[in-house]
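Below are the chains, spelled out letter by letter.
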Amino acid sequence: PWCQRDAIAFIIIRNSIMFLLQLACVGFAAASATVESKKGGAGGNLKVMGFYGFDPDAQHGWTNLGMEGSASLKIYAKQQYNLSSLYGSLENVFDRDKKGLYPDWQATLTKMMHEEFTPLYANGTYSGVFLGDEICCAGVPLADLQQVLTMLRSLVGPDAILYTNECGEMASWPKVPAELDYISMDVYAGYEPPGDPAKEVAAAKAFYETSVFPKLSGHQAALLVPGTFACSNLTYFPLEAQDKVVAQKLQLFYAWAQTEPKIAGFNPWHFHNRSSPQHPPPCDMQLGLEAMPTALGVMKQIGREIVGG
């Protein structure tokens, strides 16, 4: 009897331990799945990695959508690296000087789409259209942007991506036009010495949460536009210190993006060193991400996780 009771007790204890181990494994697997889902890429909310300053030779493997650049550059990107791009922007449609539309904008847009966009959309060189940068911010009324979007969607069909970037003007919009798939806005802060990597993220987060996310429809998402620039006056702000600030800022942007399902990816500004100042002194914002090796490494890692490279 004592041997039987000991054997029964042993079996009960063994089975209990096995059950607890199974529970632990299930919990670990669930936790791992949660972490994996926050990384983006396949199955995650983060799908887009673009850049102001498209350079397929330097960016292939960690970007998946060309933004700026000539048609020949985008054809090269498709042929060489299978990178798709957006057509744009829409020259001679939006008249920024007169804050409206050109008189013959409908004919211009129709010709653009039929002759320049459609053939390269058919072979995958283009996946959609970038309408332009800060159109309404330049004074073009939202009603004019809506007119163009309505016609553009009818020309390119339901599956082509339509995207534009705006500024604080979006705060006055009642909603994001339904034809758009992606919308973004840029706000830059914390780039003065000694630098504050959290300041720009906080400013962008506050604006997106009040003036972008509530105005999105279910099929729409936002892109983030981190400032990936540096001041060229290195006496004012040493480049090594700026590099560190931008790298930390990118990590903070990515941490936020991983937890916000309304964010679909990134289109940072800007990649290349510019030939002229982009902003009044003391910080001209002239240097691009290519000048900052630490921040570039962070951006590449983020991009690889998003595109699965």
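Residues numbered from 1 in each chain as written. Predicted model: local features only at pLDDT ≥ 70, side-chain atom pairs only at ≥ 80, totals over all residues. Heavy atoms only, no water.

Visitor: If you had to explain the overall build of the chain to someone new, which residues and values would you point to?
Guide: Helices and strands together make up the secondary structure of the chain, namely 8 helices and 9 strands. Within the span of the chain, comprising 309 residues, buried residues form 47% of the whole. If you take every contact in the chain between residues at least 6 apart in sequence, the share linking residues at least 24 apart comes to 66%. Accessible surface, the chain: about 14800 Å² in total, of which carbon and sulfur atoms supply 59%. (Helix = DSSP H or I, 4+ residues; strand = E, 2+ residues; numbered from the N terminus. Buried < 20%, exposed > 50% of the residue type's maximum accessible area, 1.4 Å probe, protein only. Contact = heavy atoms within 4.5 Å. Areas by Shrake-Rupley, 256 points an atom, 1.4 Å probe, with all protein chains shown as cover.)

Visitor: Explain the pattern of salt bridges to me, using residue names and the numbers behind them.
Guide: Evaluation of the coordinates by the stated rule reveals 3 salt bridges. Taking the shortest distance from any N to any O, the salt bridge between aspartate 181 and arginine 153 comes out at 2.9 Å. Here arginine 153 lies in helix 5 (residues 142–156) and aspartate 181 lies in the loop between strand 6 (161–166) and strand 7 (182–185), a separation of 28 residues in the sequence. The pair aspartate 181 / arginine 153 is uniform in exposure class, with both members buried. With its nearest N and O atoms 2.8 Å apart, the salt bridge here joins glutamate 209 to lysine 205. One end of the pair, glutamate 209, and the other, lysine 205, are both in helix 6 (residues 197–212), 4 residues apart, so they sit about a helical turn from each other. (Salt bridge = Lys/Arg side-chain N within 4 Å of Asp/Glu carboxyl O.)

Visitor: Break down the environment of alanine 257 for me, citing the residues and quoting the values.
Guide: Secondary-structure assignment places alanine 257 in helix 7 (residues 239–259). Residues alanine 257 and alanine 222, spaced 35 residues apart in sequence, show a C-alpha to C-alpha distance of 9.9 Å. Not counting chain neighbours up to four residues away, the residues in contact with alanine 257 comprise Asn45, Leu46, Leu224, Ile263 and Phe266.

Visitor: Account for the state of the cysteines, naming residues and giving values.
Guide: The tally for this structure, following the rule as stated, stands at 2 disulfides. Paired by a disulfide, cysteine 137 and cysteine 167 hold their sulfur atoms 2.2 Å apart. When the S-S torsion is 105 degrees, as for the bridge of cysteine 137 with cysteine 167, the disulfide is right-handed. Linking cysteine 137 in the loop between strand 5 (126–133) and helix 5 with cysteine 167 in the loop between strand 6 and strand 7, this pair joins segments that are 30 residues apart in sequence. The class for cysteine 167 is buried, based on a relative accessible area of 12%. (Disulfide = S-S within 2.5 Å.)

Visitor: Before we move on, can you summarise the packing of helix 7 against helix 8 (residues 293–307) with the specific residues and values?
Guide: Helix 8 packs onto helix 7 with a crossing angle of 20 degrees between their chain directions and a minimal axis gap of 7 Å. Compared by their axis directions, helix 7 and helix 8 come out roughly parallel. Mapping the contact onto sequence places Asp243, Val246, Ala247, Leu250, Gln251 and Tyr254 in helix 7 and Pro293, Thr294, Ala295, Val298, Met299, Ile302, Glu305 and Ile306 in helix 8. Classifying every residue of the contact of helix 7 with helix 8 gives 10 nonpolar, 2 polar and 2 charged. (Axes fitted to C-alpha atoms, helices over the stretch in contact; angles between N-to-C directions. Parallel < 35°, antiparallel > 145°, perpendicular 65-115°, else oblique. Nonpolar A, V, L, I, M, F, W, Y, C, P; charged D, E, K, R; others polar.)

The analysis is restricted to geometry; functional conclusions fall outside its scope.
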